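So the chains spell out like this:
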Amino acid sequence: ERRERERKLSKEMAEKATRELEKMQLQEKAKVKYKEWLKKKRAEESEKKKKEKEKEKEREAELQEKKERSEKIFQEWLHNARNKARPVLNGYGYPHGKSTGLYFYRHIQC
């Protein structure tokens, strides 16, 4: 009986040790997988931030180009507006060749 008890006890202890070992191995595997996942996640985040920065740079470049284009167009317009021929004003009381008598001023005052 004693031998059998000792055998059972040693068998139980061996099984317990085996379970503990398996548990530790599973924990190690879990740690390794978690580290791999974390590394992958950080790499993805880094790549995402890099792409966002590139998009932001592109947007800024487009805005700068648009601003330069509009400034150039404005300067051309300004240059053309200065050199544009102005209409000659007619003499007193004859804007655009029409007489502005009493009738014209009454309509303006009303």
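Residues numbered from 1 in each chain as written. Predicted model: local features only at pLDDT ≥ 70, side-chain atom pairs only at ≥ 80, totals over all residues. Heavy atoms only, no water.

- As named in an unreviewed UniProt entry, the chain is CCD34 protein, taken from Crypturellus undulatus.

Thoughts on the overall build of the chain
And then number 1: When helices and strands are tallied, the chain shows two helices and zero strands.
And then number 2: By the burial criterion, 1% of the 110 residues in the chain qualify as buried.
And then number 3: Carbon and sulfur atoms provide 55% of the accessible area of the chain, an area that totals close to 12100 Å². (Helix = DSSP H or I, 4+ residues; strand = E, 2+ residues; numbered from the N terminus. Buried < 20%, exposed > 50% of the residue type's maximum accessible area, 1.4 Å probe, protein only. Areas by Shrake-Rupley, 256 points an atom, 1.4 Å probe, with all protein chains shown as cover.)

Examining the confidence of the model for the chain
And then number 1: When pLDDT is averaged across the chain, the result is 84; 76% of the residues are at 70 or more.
And then number 2: Segment residues 102-106: pLDDT under 50, and one contact once partners within four positions in sequence are set aside and those in other chains are kept. (pLDDT = per-residue confidence, 0-100. Contact = heavy atoms within 4.5 Å.)

Observations regarding a negative patch on the surface
And then number 1: A cluster of acidic residues, Glu 47, Glu 54, Glu 58, Glu 62, Glu 65 and Glu 68, forms a negative patch at the surface.
And then number 2: Topologically, Glu 68 is positioned in helix α1 (residues 2-83). (Patch = residues over 30% accessible without salt bridge, like charges linked within 9 Å, V, L, I, M, F, W, Y side chains within 5 Å. Salt bridge = Lys/Arg side-chain N within 4 Å of Asp/Glu carboxyl O. Lys, Arg positive; Asp, Glu negative; His and termini not counted. Charge placed at Lys NZ, Arg CZ, Asp CG, Glu CD.)

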